[in-house]
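# Coordinates in review
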Amino acid sequence: MSDTNLATFNQFQLSPLLQRAIADLGFSHCTPIQSQVLHFTLAGHDAIGRAQTGTGKTAAFLITLINDLLKLPPSEDRYLGETRALVLAPTRELALQIAKDAEALAKYSKLRIVTLVGGMDYDKQKQQLYSDYVDIVVATPGRLIDFVEQKAIYLDQLDVLVIDEADRLLDMGFIPAIKRIVRACPPKTHRQTLFFSATFNQDVLNLADQWLFNPVKVEIEPAQVTNETVQQVVYIVSAEQKYDLLYNLIQLDNFERVIVFANRRDQVRRLADMLKHHRISCAVLSGEVPQEKRVKTLENFREGRVQVLVATDVAGRGIHIDDVSHVINFTLPEQTDDYVHRIGRTGRGGASGVSISFACEDDAFLIPNLEAAIGRKLDCTHPPAELLQKPRGR
C-alpha cells in the first residue's frame, strides 16, 4: 500500500501537543494498522487488532491513549498510586521499549509514565509511583500483581487498558495474573480496552470476548509472513565451519549492526567468548543476564558502541532497534515462529535488511518446515571459500 492511500496524522483531531511530538519523530503518514484502527479508537471504541511486529501497532495504541488523557483532564480528587492508563506487555524488554516510545510521544505534555517490570528495584519503582501523580503505567503482569497485592497501585480509576502481544502472554502462562489485574480495573463498559495479538487463535478470541466491549476488529494481513524487505539466505556448512563463517561475515564492511541468534544460553556464551577473543565488539542478551545489564546492553547496541549482539530468543520478540543491518541464525530455531520473529529484527520500517542462516547436518532438516511457514523457498547455497578461512590468531 503506498503512502498516498494511507491517512495522514493531520487528518485526525489530535491534541496539538501530540501532533507536534509525532512531527518531531518524522511521521506524516499512518501505517496500515494505524490508518484503520485510529478512526475507531480515537472515537472511544474498544479494538482488537492483529498485526505482525514492526507494523506500528505500538504507536497506534499510544497515540490513542495519550490523546484521550490530554482531552480528558484528570479528576481533581485523584490520589498518588492511581494510574489513568495501563499497558500490559509480556516481557521486560517490550515494556521498556513501549515506555520509551510513550515518552517520545508525550514529550510536550506533562503526562507521567512509570514502568513496572520484574528484575529491577521494586522500591525504586514504588518511589516513582508515589513521587507524583501517574498517568500511564507500562508493566509486565508479574510485577504489576506484586504492586496490586501490596496495595501500592490502584487501577479502579483507569480510563484505558491496553493488552499487547496477547498470544505471547497466553504462551507464557500469564493469563491467571491478567484476569486478576482486569478484575481490579473498572468494568469493561466503563473503560476503553485495546487488545493486540500477532495471532487470533480461539483462546485469544475468548479472552477478547471477556475483556472488550463491542470491539472493532482490525486485521492487517502481511503480504508474506516475513518482511519482503529482508533478503533471506541459508548457507549450507558443516558444524565445524559455522564459527569461521560467522567471523568472516562480521569482518565485511556492511555488517555494521548484527544480531546473532543461537538456541541455547551456553551456545550464546561460547560464541561471545570466541568473538571477544578475536577482538570483535560484542555483548550477550539472554535470560540469565540480569535485567539492568540487559537494558544497558541494548542501549550500547542501539548507540553503536557494540557491533554484535549474541542472543537467545528472549531478544527475538519485542526488541525494536532501527538499522540492524544483519540477523544471523547461528543455529536454526526449532519453532517456525521464532524464525519469523528473529528475522523481523532487521528490515524494519521499510528499510532493507539481510537474514543469513547457517544450516548443518544437525539442523538442515528444519528448513522445509520454515519454508512451509513463510510460504516461500529459501535460497540455500554454499558460502564462498574465502568466507570459510580460519581466523588469524585462533
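Look up a bit, the structure's there.
We now turn to the structure provided with this report. This structure is a prediction, so every number in the text was calculated from the model and none was measured.

With that out of the way, let us pick up the overall build of the chain. Of the regular secondary structure elements, the chain holds 14 helices and 14 strands. Taken over the C-alpha trace, the chain has a radius of gyration of 22 Å; the compact-globule value for 394 residues is 21 Å, and the two agree within 12%. Structurally, the chain occupies a C-alpha span of about 70 × 45 × 40 Å along its principal axes. Out of the 394 residues belonging to the chain, those deemed buried represent 55%. Expressed as a percentage of contacts within the chain between residues at least 6 apart in sequence, the contacts between residues at least 24 apart total 76%.

On to the pairing of strand 8 (residues 230-236). With five of seven residues buried, strand 8 is to be regarded as a mostly interior element. With seven bridges connecting them, strand 8 and strand 13 (residues 353-359) associate as parallel partners. Bridging across to strand 13, Tyr235 finds its partner in Phe358. Of the pairings in the sheet, the one linking strand 8 to strand 14 (residues 379-381) comprises three bridges and is parallel in character. From the neighbouring strand, Tyr235 faces strand 14, where its bridge partner is Thr381.

A separate point is the side chain of Thr297. One can find Thr297 in helix 12 (residues 291-302). Beyond its immediate chain neighbours, meaning those up to four positions away, Thr297 contacts Ala283, Val284, Leu285 and Leu309.

Unusually for a residue other than glycine, Lys151 sits at a positive phi of about 55°. Positive phi, close to 45°, is recorded for Asn214, a residue that is not glycine. The topology assignment puts Asn214 in the loop between helix 9 (202-211) and strand 7 (216-219).

It is worth spelling out the environment of Arg305 at this point. Within the element layout of this structure, Arg305 appears in the loop between helix 12 and strand 11 (308-311). Considered as a pair, Arg305 and Arg257 are 48 residues apart in the sequence and their alpha carbons are 9.7 Å apart. Setting aside chain neighbours within four positions, we find Arg305 in contact with Ser281, Glu299 and Asn300.

Take the pairing of strand 9 (residues 258-261) next. Burial of the side chains of strand 9 extends over both faces: Val258 and Val260 are buried on one face and Ile259 and Phe261 on the other. Bridge analysis of strand 9 against strand 11 gives four bridges, and the strand direction is parallel. Residue Ile259 lies in a different strand from strand 11, and its bridge partner there is Leu309. In this structure, strand 9 lies alongside strand 12 (residues 326-329), joined through four bridges in parallel fashion. By the bridge assignment, Phe261 is partnered in strand 12 with Asn329.

Formed by 43 residues in total, the largest nonpolar core has its most connected members in Ile63 and Leu65. A per-element tally of this core places helix 3 (residues 57-71) first, with eight residues. With near-sequence residues (within four places) excluded, Leu65 lies in contact with Ala85, Val87, Ile136, Val160 and Val162. By size, the runner-up hydrophobic cluster in this structure holds 34 residues, among which are Leu155, Leu158, Cys185 and Leu212.

In the contact formed by helix 4 (residues 92-105) and helix 12, the axes pass within 11 Å of each other and the chain directions differ by 55°. Here helix 12 runs oblique to helix 4, going by the angle between their axes. Along this stretch, helix 4 crosses helix 12, giving a crossing that reads as right-handed. Residue-level inspection shows Arg92, Glu93, Leu96, Gln97 and Lys100 of helix 4 in contact with helix 12, the latter providing Gln291, Arg294, Val295, Leu298, Glu299 and Arg302.

Among the residues making up helix 2 (residues 32-41), those that are buried are Ile33, Gln34, Ser35, Val37, Leu38 and Thr41. Structurally, helix 2 contributes buried residues whose contacts are with strand 1 (47-50), helix 3, strand 6 (192-197) and strand 7.

Let's shift gears to the packing of helix 6 (residues 141-149) against helix 8 (residues 175-183). If you want to describe how two helices pack, look at the angle between their axes and the distance between the axes. The interhelical angle for the contact between helix 6 and helix 8, taken along N-to-C directions, is 45°, at an axis separation of 10 Å. By the angle class used here, helix 6 and helix 8 are oblique. The crossing of helix 6 and helix 8 is left-handed. On helix 8, the residues touching Pro141, Leu144, Ile145 and Glu149 of helix 6 are Ala177, Ile178, Arg180 and Ile181. Classifying every residue of the contact of helix 6 with helix 8 gives six nonpolar, no polar and two charged.

Another aspect to go through is a negative patch on the surface. Together, Asp253, Glu256, Asp322 and Asp323 line one region of the surface with negative charge. Overall, the relative accessible area of 75% leaves Asp253 in the exposed class.

Let's shift gears to the side chain of Ser325. Tracing the chain through its elements places Ser325 in the loop between strand 11 and strand 12. Look past the residues within four positions of Ser325 in its chain and what remains in contact with it is Asn254, Phe255, Glu256, Arg257, Val258, Thr346, Gly353 and Val354.

Rules used in this analysis
- The residue numbers shown here count from 1 along each chain, following its written sequence.
- Owing to the predicted nature of the model, reporting of local features is limited to residues with pLDDT of at least 70; listing and counting of side-chain atom pairs is limited to 80 or more, with chain, interface and lining totals taken over all residues.
- Excluded from the side-chain calculation are hydrogens and water; included are all heavy atoms of the structure.
- Each helix is a run of DSSP H or I of at least 4 residues and each strand a run of E of at least 2, with the numbering of both proceeding from the N terminus.
- Two things to know: the radius of gyration comes from C-alpha atoms, and the globule rule equals 2.2 Å times the number of residues to the power 0.38.
- For the exposure calls, accessible area comes from a 1.4 Å probe over protein chains only, and a residue counts as buried if that area is under 20% of its type's maximum, exposed if over 50%, partly exposed in between.
- Throughout, a contact is declared for two residues whenever any of their heavy atoms are within 4.5 Å.
- At least two DSSP bridges between two strands are needed for those strands to be called paired.
- Buried residues of nine kinds, namely Ala, Val, Leu, Ile, Met, Phe, Trp, Tyr and Cys, make up a nonpolar core once their side-chain atoms join them within 4.5 Å.
- Angles run from 0 to 180 degrees between N-to-C directions of axes, and those axes are lines fitted to C-alpha atoms, restricted for helices to the stretch in contact.
- Relative orientations are named as follows: roughly parallel for angles under 35 degrees, roughly antiparallel for angles over 145 degrees, roughly perpendicular for angles from 65 to 115 degrees, and oblique for any other angle.
- A clockwise turn of the near helix away from the far one marks a right-handed crossing, whereas an anticlockwise turn of less than a right angle marks a left-handed crossing.
- Each residue gets one of three labels, nonpolar for Ala, Val, Leu, Ile, Met, Phe, Trp, Tyr, Cys and Pro, charged for Asp, Glu, Lys and Arg, and polar for the others, Gly among them.
- Patch membership requires over 30% relative accessible area and the absence of a salt bridge. Like charges are linked within 9 Å, and nonpolar side chains (Val, Leu, Ile, Met, Phe, Trp, Tyr) within 5 Å.
- The method behind every accessible area is Shrake-Rupley, applied with a 1.4 Å probe, and residues are considered shielded solely by the protein chains displayed.
- Here a salt bridge means any side-chain nitrogen of Lys or Arg lying within 4 Å of a carboxyl oxygen belonging to Asp or Glu.
- In this tally, Asp and Glu contribute negative charge and Lys and Arg positive charge; neither His nor the terminal groups of the chain are included.
- A single reference atom marks each charge: NZ on Lys, CZ on Arg, CG on Asp, CD on Glu.

Interpretation note: all reported values are geometric properties and have no functional meaning in isolation.
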